[in-house]
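# Notes for the structure review
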Amino acid sequence: ALEAIASAVVGGSAGQERQKLEGEIQAMEAFSRELFMELHELVRARISELQAHTVRGRIMNYLGRCCSAICVYKIVISAVNLLLRRGGAGNED
């Protein structure tokens, strides 16, 4: 009987305490997932950085720069052709 009275008196605050703790647990689990994702990104960046210093990595970086230069060139030429109304389809005006 004494335990029933104690649980009735403390029960309300115990329920609130439990909800508060469950909320904190969920927040900490979300924080843990976020930290794991950030750590995973850092590890991948470090591996990428280490691979960039190898011969294969340097070749891939050079090829990437070449592809970027070609892309920029094509964008500029397309813009010039558009502004000067030059094109391979002929004049429709």
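Look a little higher up for the structure.
Since we're looking at a predicted model, the values are computed, not measured.

Procedures and definitions
Residues numbered from 1 in each chain as written. Predicted model: local features only at pLDDT ≥ 70, side-chain atom pairs only at ≥ 80, totals over all residues. Heavy atoms only, no water. Salt bridge = Lys/Arg side-chain N within 4 Å of Asp/Glu carboxyl O. Helix = DSSP H or I, 4+ residues; strand = E, 2+ residues; numbered from the N terminus. Buried < 20%, exposed > 50% of the residue type's maximum accessible area, 1.4 Å probe, protein only.

### Let's talk about the pattern of salt bridges
A full pass over the atoms with the stated rule returns two salt bridges. One salt bridge in this structure joins E22 and R18, with 3.2 Å as the shortest N-O distance. Pair noted here: E22 and R18 are both in helix α1 (residues 2-52), with a separation of four residues, about one helical turn. E22 gets classed as partly exposed once you look at its relative accessible area, which sits at 38%. Exposure remark for R18: the relative accessible area of 58% places this residue in the exposed category. One salt bridge connects E49 with R46, and the closest N-O pair in it is separated by 3.3 Å. Taken as a pair, E49 and R46 lie in helix α1 at a separation of three residues, close to a single helical turn. According to the relative accessible area criterion, E49 is partly exposed, its value standing at 42%. Its relative accessible area of 43% is what places R46 among the partly exposed residues.

No statement about biological role is implied by the geometric values presented.
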